[in-house]
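Residue strings, one per chain:
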Amino acid sequence: MYEFKFHRPTTVRQAAGLLARQEEAKLLAGGHTLIPTMKLRLAGPKHIIDMSKIEGLSGIEAGARSVTIGALTKHAEVATSAVVQEAIPALAALAGQIGDPAVRHMGTIGGSIANNDPNADYPAGCLGLGATVITNKRRIAADEFFTGMFETALEPDEIITKVMFPLAKKAAYMKFPNPASRYALIGVFVSKRGSEIRVAVTGAGTSVFRVAAFEEALKKRFSAKSLEGLSIPATGLNSDIHGSAEYRAHLVGVLARRAVAKAA
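From a predicted model like this one, the values you see are computed outputs, not experimental measurements.

Peer 1: With reference to specific residues and values, describe the nonpolar core.
Peer 2: In this structure, L91, I113, Y122, C126 and F165 are the most contacted members of the largest nonpolar core, which totals 34 residues. Breaking this core down by element, the ones donating at least two residues are β5 (66-70), α3 (75-80), α5 (89-96), α7 (109-115), α8 (122-129), α9 (142-145), β10 (160-166) and β12 (184-193). Residues in contact with Y122, not counting those within four places in the same chain, are H75, V78, L91, L94, A95, I98, I109, S112 and I113. One finds A204, V211, I232 and A256 within the second-largest nonpolar core, a separate group that totals 26 residues.

Peer 1: Summarise the side chain of S81; cite the residues concerned and give the values.
Peer 2: By the secondary structure assignment, S81 is in the loop between α3 and α4 (82-87). What makes S81 buried here is its relative accessible area of 10%. Engagement of the side chain of S81 in a polar contact is seen with the backbone nitrogen of V83, the distance being 3.2 Å.

Peer 1: Requested: an account of the pattern of salt bridges, with residues and values cited.
Peer 2: The final tally for this structure, using the stated rule, is 13 salt bridges. For E196, the salt bridge goes to R198, with nearest N and O atoms at 2.9 Å. In this structure E196 comes out as partly exposed when scored by relative accessible area, which is 26%. Linking R210 and E215 is a salt bridge whose minimum nitrogen-to-oxygen distance equals 2.9 Å. With a relative accessible area of 31%, R210 lands in the partly exposed category.

Peer 1: Quick one: what's the story with the sheet that holds strand β2 (residues 25-28), residue by residue and with numbers?
Peer 2: As summarised here, the arrangement of the three strands in space is β1-β3-β2, forming an open sheet in which the pairing is parallel. Here the strands that pair on one side only, and so sit at the sheet edges, are β1 (5-7) and β2. Each adjacent strand pair in this sheet contributes to an overall mean axis angle of 25 degrees, direction not counted. Pairing of β2 with strand β3 (residues 47-50), which is carried by four bridges, proceeds in the parallel orientation. Across the sheet, L28 pairs through a bridge with D50, a residue of β3.

Peer 1: Please set out the packing of aromatic side chains residue by residue, giving values where relevant.
Peer 2: Scanning the entire structure with this criterion turns up three aromatic pairs. Summarising the aromatic geometry, the rings of F145 and F146 are spaced 5.0 Å apart at their centres and angled 85 degrees between planes, so their arrangement reads as edge-to-face. You can call F146 buried: its relative accessible area is 10%. Summarising the aromatic geometry, the rings of F176 and Y247 are spaced 6.4 Å apart at their centres and angled 90 degrees between planes, so their arrangement reads as edge-to-face. One end of the pair, F176, is in strand β11 (residues 170-177); the other, Y247, is in helix α11 (residues 245-263), and 71 residues separate them in sequence. One residue, R41, lies across the ring of Y2, its end atom 4.5 Å from the ring centre.

Calculation rules
- Residues numbered from 1 in each chain as written.
- Predicted model: local features only at pLDDT ≥ 70, side-chain atom pairs only at ≥ 80, totals over all residues.
- Heavy atoms only, no water.
- Core = buried A, V, L, I, M, F, W, Y, C linked by side-chain atoms within 4.5 Å.
- Buried < 20%, exposed > 50% of the residue type's maximum accessible area, 1.4 Å probe, protein only.
- Helix = DSSP H or I, 4+ residues; strand = E, 2+ residues; numbered from the N terminus.
- Contact = heavy atoms within 4.5 Å.
- Polar contact = N/O pair within 3.5 Å; in protein donor to acceptor, adjacent residues only side chain to side chain.
- Salt bridge = Lys/Arg side-chain N within 4 Å of Asp/Glu carboxyl O.
- Pairing = 2+ DSSP bridges.
- Axes fitted to C-alpha atoms, helices over the stretch in contact; angles between N-to-C directions.
- Phe/Tyr/Trp six-rings, centres within 6.5 Å; stacked < 30°, edge-to-face > 60°.
- Lys NZ or Arg CZ within 6 Å of the ring centre and 35° of its normal.

Spatial relationships are all this shows, so hold off on functional conclusions.
So this is what it looks like as structure tokens:
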């Protein structure tokens with residue numbers, strides 16, 4: 001690793017102040033992306049701001065129309081939460097598929113969303129449910145939050161404090177995981193809330209995205225049969241040793257149908 005200074009604020013305001021004042025500062029939540037990239041010298045922030053001592057950033061609250069999850073809540077807590085399992089079981093199932101037990105007991109929902117890895121699971125859950133990301137400054141709709149590969153709408157001194165997920169009448173997440181990393185080679189999250197249908201895909205492109213053609217078909221009838229014969233173009237999709245763009249495009253259609261069948 002390169003040399004850096006370590007900070008441990010006790011409030012969100014202090015952490016935001018450090019982000020604003022210190023050059024090349026990075027927040028440390030679970031650390032499952034930041035620490036490995038630093039060890040490999042792919043990143044060399046001059047300041048690390050540890051969020052572990054900040055109170056009030058973890059926990060799960062159920063409301064009449066939504067479930068709100070604190071940014072420092074661990075994946076394992078979401079997966080095993082009775083509140084989430086009852087209100088949005090698809091979200092609990094998603095959290096339970098992230099990485100391995102070590103990752104799930106250290107990684108945080110806020111860190112995952114802020115990092116916006118193109119193969120991460122939580123971005124699909126956020127976009128697929130139409131979540132709202134709440135920061136120390138504002139509220140950001142999921143449709144506007146994820147802007148590109150490892151990029152979000154967050155400002156340099158902006159910190160995620162919680163994520164609000166609206167309740168869905170029907171929802172499911174289907175994932176084809178990389179057998180080594182457990183990241184999503186492809187993951188598809190579908191939801192139905194009133195007349196609103198959402199189909200979000202992770203692992204296929206540079207960032208999570210919605211599939212409008214699938215959503216329109218499901219508005220007519222929320223059934224896997226409604227997606228038969230439909231596919232997405234392979235142009236612009238990821239292609240690597242794990243799967244070609246054409247293979248990923250095929251998987252999106254397969255997993256979307258399975259997710260709808262499971263939700264329905």
